[in-house]
Amino acid sequence: MAAGIREWSVLPHGAIEKVAENLWRVEGRMSGSNRRVMILVRLGDGRIVMHNAIALDDASMKEIDTWGDVSSILVPNGLHRRDAFVMQERYPKAKVYAPSGAVKAASKATPCVGTYADVPTDATLSLRDLEGVGAREGVIMVQSTDGASAVFCDTLLNLPKLGFFLEAFLSPTGTLSVPRMTRVWFAKNLAELRADLERLAHRDGLVRIIPGHGAIVATDAAARLAEAAGRL
């Protein structure tokens, strides 16, 4: 896995989606049909926490700069680090963090100053390592006026039905799920992961799930998360 790019390079991406007053989302395209999601959380004092950095076009980056100051860049796991270096170069005052089990891999792209436990937050944002995956990925909880959002990366996907070869790696698709590649290669203890996802599903005020690949789940979010956990 390459450590990431060293020069600003913009791949195709969509417009910034204003999910909530303090929560933005951008979906970008990699090679082939592979997609990725960047999440931006605006703290009460205007600082922005960026999850899974994606280099955007000039207009979109200026829109982010108008919204607030990027202060933290989160590398969600050892695979999603393509744009971490160039984003940190763009925002030299921003600090880079990763889940505790992914710091070594993430630091191959750009130096990490700490883990998710070290990220400056406020009452609207919390984050931690997920259980059952060797602390190699985490979950971010964002509190907005309409409720709480749970942000994931590769632990949970919400992809449509795909062709045979992709199904072999990513099934089950067509629903919110923990994909096969996570269950087989990424997870360390499926029982612990299931229990952790079930705890998140029972969190009061959960209104949406934002997976690292695929559409937001904004209808029956808690029930669908519980169903995904139950299939483990």
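This text goes with the structure placed above it.
Residues numbered from 1 in each chain as written. Predicted model: local features only at pLDDT ≥ 70, side-chain atom pairs only at ≥ 80, totals over all residues. Heavy atoms only, no water.

Colleague: Please explain the layout of surface pockets as it appears in this structure.
Modeller: Left-over empty space is what a probe sized like a water molecule reveals as it rolls over the atoms. Here the second largest pocket defines a volume of roughly 180 Å³. Lining the second largest pocket are N77, G78, L79, G101, A102, A105, R136, D154, M181, T182, W185 and F186. Counting residues per element, the lining of the second largest pocket draws most heavily on helix α5 (residues 180-186), at 4 residues. Each residue belonging to the lining of the second largest pocket can be placed in one class, and the counts come to 6 nonpolar, 4 polar and 2 charged. (1 Å grid on protein atoms, 1.4 Å probe; cavity = no way out; pocket = protein on both sides within 12 Å on 5 of 7 lines; lining within 4 Å. Points joined across faces, edges and corners; volume = space filled by probe spheres on them. Helix = DSSP H or I, 4+ residues; strand = E, 2+ residues; numbered from the N terminus. Nonpolar A, V, L, I, M, F, W, Y, C, P; charged D, E, K, R; others polar.)

Colleague: Can you walk me through the environment of A84 in this structure?
Modeller: Secondary-structure assignment places A84 in helix α2 (residues 84-90). Apart from the residues within four sequence positions on either side, A84 is in contact with V75, A109 and T110. (Contact = heavy atoms within 4.5 Å.)

Colleague: I'm lost on the sheet that holds strand β6 (residues 95-98) in this one. Help?
Modeller: Two strands in a sheet stick together by hydrogen bonds in their backbones, pointing the same way (parallel) or opposite ways (antiparallel). Strand order in the open sheet formed by 7 strands is β1-β2-β3-β4-β5-β6-β7, and the pairing between neighbours is mixed. Looking at the sheet topology across the chains shown, the edges are occupied by β1 (17-20) and β7 (114-115). Relative to strand β3 (residues 35-42), strand β2 (residues 23-29) runs antiparallel, the two sharing 7 bridges. Within the sheet, the bridge partner assigned to V26 lies in β3 and is M38. (Pairing = 2+ DSSP bridges.)

Colleague: Help me out: how do you make sense of the sheet that holds strand β12 (residues 206-210) in this one?
Modeller: Spatially, 4 strands are ordered β8-β9-β10-β12 in an open sheet, and the strand pairing comes out mixed. A strand with exactly one partner marks an edge of an open sheet, and here the two such strands are β8 (125-129) and β12. Direction aside, the axes of adjacent strands within the sheet are offset by 20° on average. As defined by bridge partners, strand β9 (residues 138-144) adjoins strand β10 (residues 147-151) across 5 bridges and the pair is classed as antiparallel. When the sheet's bridge partners are listed, V142 is paired in β10 with S149. Packing against the sheet, helix α6 (residues 190-201) makes contact with β8, β9 and β12, and its axis sits at approximately 165° to β8. (Axes fitted to C-alpha atoms, helices over the stretch in contact; angles between N-to-C directions.)

Colleague: How should I be thinking about the nonpolar core in this particular structure?
Modeller: Taken as a class, soluble globular proteins show a tendency for nonpolar side chains to be buried jointly. Among the nonpolar cores identified, the biggest contains 25 residues, and M38, L40, M50, I64, V70 and Y91 are the most heavily contacted of them. Every element with two or more residues in this core is listed here: β2, β3, β4 (47-51), α1 (58-67), β5 (69-74), α2 and β6. At 3 residues, the largest contribution of residues to this core is made by α1. In terms of nonpolar packing, the next biggest core, distinct from the first, is built from 22 residues, A150, V178, I209 and A228 among them. (Core = buried A, V, L, I, M, F, W, Y, C linked by side-chain atoms within 4.5 Å. Buried < 20%, exposed > 50% of the residue type's maximum accessible area, 1.4 Å probe, protein only.)

Colleague: What is the right way to look at the state of the cysteines in this model?
Modeller: Throughout this description, disulfide means a covalent bond between two cysteine sulfur atoms. Counted under the stated rule, the structure contains 0 disulfides. This cysteine, C112, is not joined by any disulfide, and C153 carries the nearest cysteine sulfur, 14 Å off. Among the residues examined, C112 registers a relative accessible area of 17% and is labelled buried. (Disulfide = S-S within 2.5 Å.)

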